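Below, each chain spelled out in residue letters.
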Amino acid sequence: MPIAITIRPPADALLTTRDLRVEPIVVTEDLWKLYHAGKVEVPALRGVNFKVLPGEFVSVMGPSGCGKSSLLYVLGGLAQASRGRVLVDGNDLSTMSDAERTKLRRDKIGFVFQRFNLLPTLDARGNIAIAQHIHGDGFNSARFGTITKLLGLTERLKHRPSEMSGGEQQRVAIARAIINDPKIILADEPTGNLDTQNSEIVLSMLSQLNKDLGQTIVMITHNPEAAEYSTRVVHMRDGVIVDGVPAA
Amino acid sequence: MIRQLIVNNVLHRPIRTIVSVIAVGVEVALVILIVGLTSGLLQETAKRIEGIGADIMLQPPSASVYLAFSGAPMPIKIADKLRELKYVQAVAPVLLQFSSSNGVDVIYGIDPKSFRDVSGGFVFLEGHDMQGPDDILMDDWAAKAKNVSVNSTFRLLDHDFHVAGIVEHGKGARLFVQLSTLQDLSGSRDKASVFFMKSTDPNYTQAVMDEMKPIFPGYEIRPLKDFLSLMTATNLPGLNAFIKSMIVLAVSIGFLVILLSMYTTVIERTRDIGVLKSIGASKGYIIRALLGESVFICVIGIGVGIAMSYGTRAVFLSSFPTLSILITPDWIVRSAVIALAGGLLGASYPAWLASRKDAIEALSYD
């Protein structure tokens, strides 16, 4: 039975080929995001220049309010950039309409949130399958089976979020994020609501997805231990990226 | 998948769903019962008048097809003139009196012989024909509703009547008294409200009517063959407006309840809407999901409403046997369409609101 999972080159291989001009999957150029508090403009991003290569697992770290989440939302097309350019897989989000960004999100981006954000009325199976349904390709049972097996969810598919532990819920959220084989996963503090044991499980799974399947991941975290799972760590402060070095 | 989401969402808040379903059910039942009651009463009345067996009905100028609204402005001697016409076999003058003293009734004051000549006579279930001036005949439905038996005394128009017989229903009215007695009681001596005529052959009905027209210019001369088609809500002033008003009222109930229910649903599911947006659900998808919930609630509500209509009718008819509630497939379909349209309209604004929610704000909603 064919398994519809795209096997991408491992991140290590990509890192070594960075100099060979591999096209980045995410590019931001002088990216600004301004929020309005009454008549006052509050800049969350102040000219971010940032690139992510295919197969990378990038952690974005920084203190609260430094613009990490804003960067993630703009990369994911949930928020529109105020200035600058954002390219995801060659698509310039800054010029796209809301509907076009929605379509891009549907086809190329998977989100994992701190609070899991599963639909409470659906069981685990429904929460994963709805992403396939919205994607529009119908239910792909082979891929569904592979993903749920990979994430150890086979026995929990009939359980609703309220019947699952935090770790299980986050694994369902990861399954939902990757079920449509997205180009990139955007994870916003995915272990922020988990205990140490479950955090390790979730981070290991993300790392496994990156290493085994070549899944590109951008993860927001303020936890240095979580960042150790990634291949590169980027630090933000006051709305700008202050460095970006491969993790140990 | 979207169907599973819709069904699960609807079942997630059972009390809210039940309230919404009941509201739609009441809306549907109101429409069905109001229309059923008016058309049922009209049709039943028409059938009873047709059941007299006359061929022609003569009424004073501008008289309503609804006999209960007729007064008594015609001299009874008109009957003699009518009897002289060619092809006229029998003429029965009838005086009508509306009474609300012991339930709502239309009383027929009849001359037993002439009425028998036109109608072929009553079918007596108990007792006998009127013999004295204070005798009264009742049809079986009225006797059951008023719990009256033969030979008992029945007070009507401040007068004590002796129940002489109980007859089979379907001959014009439910209560029959002597014409002269009713004339005395209503101060309409030598007057009649309507003349029922029987021709020697039904084929001569038009010929008789043509002969009558120049003799009774301006009078309402109607063939009873088509009486049923005349008894519609449009022929009764105000009834159509009443029905429409009640339908609007019923739809408003459904509309407002669905609006409120879906609005609270959208508020409650703000985060879920944000989640759907984050996984790429379009505005159309979110609107479809919410309208789908409304349709689902409406469909169950319509089923409940239809069941409520039949249940209410059964209760009404057991308590008020003289009532007639006509539930037709036509109005069941119409009420369903009305409820569905109201539900969709009520859910439209909340659905639109949901589709426009900012994904980031929605995701951070608590």
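Within any chain, residue numbers begin from 1 and follow the written order of that chain's sequence. Whichever chain is written first becomes A and whichever ligand is written first becomes 1, with later ones labelled in order. Given that this is a predicted model, residues contribute local features only at a pLDDT of at least 70 and side-chain atom pairs are listed and counted only at 80 or more, while totals for whole chains, interfaces and linings are drawn from all residues.

## Describing the overall build of chain A
Let me state the cut-off plainly: Comment: elements are numbered from the N terminus, with helices defined as DSSP H or I runs of at least four residues and strands as E runs of at least two. Buried means a residue has 20 or more other C-beta atoms within 10 Å of its own C-beta, exposed means 12 or fewer, and partly exposed covers the counts in between; C-beta atoms are placed from the backbone. With C-beta atoms placed from the backbone, a contact is any residue pair whose C-beta atoms sit within 7 Å.
When helices and strands are counted, chain A shows eight helices and 10 strands. Per-residue burial over chain A gives 48% buried out of 248 residues. A separation of at least 24 residues holds for 71% of the contacts in chain A among residues at least 6 apart in sequence.

## With respect to helix H10 (residues 270-278) of chain B
All names here are of chain B. With seven of nine residues buried, H10 lies mostly within the body of the structure. Residues of H10 that are buried include every one of Asp-272, Ile-273, Gly-274, Val-275, Leu-276, Lys-277 and Ser-278, and no others. A positive backbone phi angle near 100° is found at Gly-280, which sits one or two residues after H10.

## Side note on the interface of chain B and chain A
Put simply, the rule reads: Under the scheme applied, nonpolar residues are Ala, Val, Leu, Ile, Met, Phe, Trp, Tyr, Cys and Pro; charged residues are Asp, Glu, Lys and Arg; polar residues are all the others, including Gly.
Tallying the contact residues gives 19 residues for chain B and 22 residues for chain A. Secondary-structure elements contributing two or more residues to the side of chain B that touches chain A are helix H1 (2-12), H10 and helix H13 (359-363) of chain B. The element contributing the most residues to the side of chain B that touches chain A is H1(B), with six residues. Partitioning the side of chain B that touches chain A into residue classes produces 10 nonpolar, seven polar and two charged.

## A word on the sheet that holds strand S1 (residues 26-37) of chain A
All names here are of chain A. To be explicit about the condition: Pairing between two strands is assigned when DSSP locates at least 2 bridges connecting them. Angles here are taken between N-to-C directions and fall from 0 to 180 degrees, while the axes themselves are lines fitted to C-alpha atoms, restricted in helices to the stretch in contact.
Read across the sheet, four strands follow the order S2-S1-S4-S5 without closing on themselves; strand pairing throughout is antiparallel. Of all strands in the sheet, those bounded by a partner on one side alone are strand S2 (40-52) and strand S5 (91-92). In this sheet, S2 lies alongside S1 in antiparallel orientation, the contact comprising 10 bridges. Residue pairing for S2: Leu-34 is matched across the bridge by Pro-43. In the packing of helix H2 (residues 68-75) onto the sheet, the strands contacted are S1, S2 and strand S4 (83-88), and the crossing angle to S2 comes to about 65°.

## As for the domain arrangement of chain B
A common way to express how large an interface is: the accessible area buried when the components associate. For clarity, the threshold we go by: The domain boundaries here were taken from an automatic or database domain assignment.
Split into domains, chain B comes out as domain 1 (2-43 + 238-363) and domain 2 (61-218). Relative to domain 2 of chain B, the C-alpha centre of domain 1 of chain B lies at a distance of 47 Å.

## Some remarks on the nonpolar core
Heads up, the condition is: A set of buried residues qualifies as a nonpolar core if it consists of Ala, Val, Leu, Ile, Met, Phe, Trp, Tyr and Cys joined through C-beta atoms within 7 Å.
The biggest cluster of nonpolar side chains holds 116 residues, and the ones touching the most others in it are A:Leu206 and A:Val218. The element contributing the most residues to this core is helix H2 (residues 14-50) of chain B, with 11 residues. When neighbours within four sequence positions are excluded, A:Val218 is seen to be in contact with A:Val26, A:Val52, A:Val58, A:Val60, A:Leu72, A:Leu75, A:Ile184 and A:Leu186. In this structure, B:Met57, B:Leu82, B:Ile166 and B:Leu179 belong to the second largest nonpolar core, which totals 46 residues.

## Considerations on the packing of helix H6 (residues 166-178) of chain A against helix H7 (residues 196-213) of chain A
Residues and elements named next belong to chain A. Inclusion rule: Should an angle fall under 35 degrees it is taken as roughly parallel, and over 145 as roughly antiparallel, whereas 65 to 115 is taken as roughly perpendicular and any remaining angle as oblique. What makes a crossing left-handed is the near helix being turned counterclockwise from the far one by less than a right angle; a clockwise turn instead makes it right-handed.
Where H6 contacts H7, the axes come no closer than 9 Å and their chain directions differ by 20°. Here H6 is positioned roughly parallel relative to H7, judged by the angle of their axes. Helix-helix and strand crossings are classified by hand; for H6 and H7 the assignment is right-handed. Residues Gly-166, Gly-167, Gln-170, Arg-171, Ile-174 and Ile-178 of H6 lie in contact with H7, whose contacting residues are Asn-198, Ile-201, Val-202, Met-205, Leu-206 and Leu-209.

## Quick look at unusual backbone geometry
Even without being glycine, B:Tyr87 reaches a positive phi, approximately 70°. Take B:Tyr87: it is sitting in the loop between helix H3 (78-83) and strand S3 (88-99).

## Here's the deal with the environment of A:Trp32
Residue and element names in this part refer to chain A. As for its position among the elements, Trp-32 is in strand S1. On a C-alpha basis, the gap between Trp-32 and Ile-147 in space is 36 Å, while along the polypeptide they are 115 residues apart. Every residue in contact with Trp-32, bar those within four places of it in the chain, is listed here: Pro-43, Leu-45, Arg-46, Gly-47, Ala-81, Ser-82, Arg-83 and Gly-84.

## Some words on the pairing of S4(A)
Residues and elements named next belong to chain A. Across five bridges, S1 lies against S4 in antiparallel orientation. Each bridged residue has a counterpart across the sheet, and for Val-26 the counterpart in S4 is Val-88. Where S4 and S5 come together, two bridges link them in antiparallel fashion. Note on S5: the bridge partner recorded for Val-88 is Asn-91. In sequence, S4 turns back onto S5 through a hairpin of two residues, with Asp-89 there showing a positive phi of about 50°.

## Section: the packing of H2(B) against helix H12 (residues 329-355) of chain B
Residues and elements named next belong to chain B. For the pair H2 and H12, interaxial distance at closest approach is 9 Å and the crossing angle is 145°. The crossing of H2 and H12 is right-handed. Only Trp-331, Ile-332, Ser-335, Ala-336, Ile-338, Ala-339, Gly-342 and Gly-343 of H12 make contact with H2, whose side of the interface consists of Val-24, Glu-27, Val-28, Val-31, Ile-32, Val-35 and Gly-36. Residue classes in the contact of H2 with H12 are distributed as 10 nonpolar, four polar and one charged.

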